[in-house]
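Summary of structural features
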Amino acid sequence: MNTLSRTIAGVVALIFGVYMIISMIIEKPEGWYWIVAYGVFFIVIGLFIFFNKKEDDIEEIKNNKDK
């Protein structure tokens, strides 16, 4: 199960990456391939954040130590 913060951060990064790619492919300014590369980077980071279940385990361990 995704935590709310992980879901929001992952989705925001995914949307930002897709927006960068689509907007730069449509406009095609000079050097657009760098911006598309950054878009792919944000998509990968967003997917990593969204599907990283280890973070929940770490948070659970921290919460158990605090009790």
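In this report, the structure presented in the accompanying data block is examined. Here the residue numbers are simple positions, counted from 1 along each chain's written sequence. The predicted nature of this model means local features are confined to residues of pLDDT at least 70 and side-chain atom pairs, given and counted, to a pLDDT of 80 or more, with totals for whole chains, interfaces and linings taken over all residues. Side-chain descriptors were evaluated using all non-hydrogen atoms of the structure, hydrogens and water having been removed beforehand.

Digging into the side chain of Ser 23
Under the DSSP-based scheme used, a helix requires at least four consecutive residues in state H or I and a strand at least two consecutive residues in state E, with every element numbered from the N terminus. Summarising the element assignment, Ser 23 is placed in helix H1 (residues 4-27). Counting of polar contacts relies on pairs of N or O atoms within 3.5 Å, with two restrictions inside protein: one atom must be capable of donating a hydrogen and the other of accepting it, and residues adjacent in sequence are counted only when both atoms are side-chain atoms. Here Tyr 19 takes part through its backbone oxygen, which lies 2.9 Å from a polar atom of the side chain of Ser 23.

Quick word on the environment of Val 36
Among the structural elements, Val 36 can be located in helix H2 (residues 32-51). It is 8.2 Å that separates the C-alpha atoms of Val 36 and Gly 17, two residues lying 19 residues apart in sequence. With residues near it in sequence (within four places) discarded, Val 36 still touches Ile 21, Met 24 and Ile 25. Only heavy atoms enter the contact rule, under which two residues are in contact if any of them lie within 4.5 Å.

A word on the environment of Phe 50
Its location among the elements puts Phe 50 in helix H2. A 1.4 Å probe rolled over the protein chains alone gives each residue an accessible area, and that area as a share of the maximum for its type sets the label: buried under 20%, exposed over 50%, partly exposed in between. Using a relative accessible area of 22% as the deciding quantity, one classes Phe 50 as partly exposed. As for Phe 50 and Thr 7, which are separated by 43 residues in sequence, their C-alpha atoms are 5.7 Å apart.

By themselves, these observations are geometric and do not establish any function.
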